[in-house]
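Next come the chains, spelled out residue by residue.
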Amino acid sequence: MIQISDIIIAHPEINSFEELESLVQEAARQGAIHLAFDLKPEYPDTPRNWQDRLEAAFLSIIGSGR
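Report on the accompanying structure. (Residues numbered from 1 in each chain as written. Predicted model: local features only at pLDDT ≥ 70, side-chain atom pairs only at ≥ 80, totals over all residues. Heavy atoms only, no water.)

A separate point is the overall build of the protein chain. Secondary structure assignment for the protein chain yields three helices and two strands. Taken from the N to the C terminus, the helices and strands of the protein chain come in the order β-α-α-β-α. Against the compact-globule benchmark of 11 Å for 66 residues, the protein chain has a radius of gyration of 11 Å, which places it among compact chains. Principal axes of the C-alpha set define a box for the protein chain whose edges measure 30 × 25 × 20 Å. Buried positions account for 38% of the 66 residues belonging to the protein chain. A fraction of 70% describes how many contacts in the protein chain between residues 6 or more apart in sequence connect residues 24 or more apart. Within the structure as shown, the protein chain displays about 4200 Å² of accessible surface, and the carbon and sulfur contribution to it stands at 49%. Where the 5 positive side-chain charges of the protein chain centre and where its 11 negative ones centre are 5 Å apart. (Helix = DSSP H or I, 4+ residues; strand = E, 2+ residues; numbered from the N terminus. Rg over C-alpha atoms; globule rule 2.2 N^0.38 Å. Buried < 20%, exposed > 50% of the residue type's maximum accessible area, 1.4 Å probe, protein only. Contact = heavy atoms within 4.5 Å. Areas by Shrake-Rupley, 256 points an atom, 1.4 Å probe, with all protein chains shown as cover. Lys, Arg positive; Asp, Glu negative; His and termini not counted. Charge placed at Lys NZ, Arg CZ, Asp CG, Glu CD.)

Shape is all these values report; function is a separate question.
Structure, rendered in structure tokens:
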């Protein structure tokens, strides 16, 4: 399981929600099978539906067979 906070802490260089989405997809490619939403990303471009967007990004890789 990967938590959003783990991704954010491991990558302090990211500055946007879009970059976080890419890292969520990369975590799925690397073998993560569960994604936990333990905090809300505080980027200026974080959308209201941020959980749905991150889940969709994650599942787009899991569902495609990586």
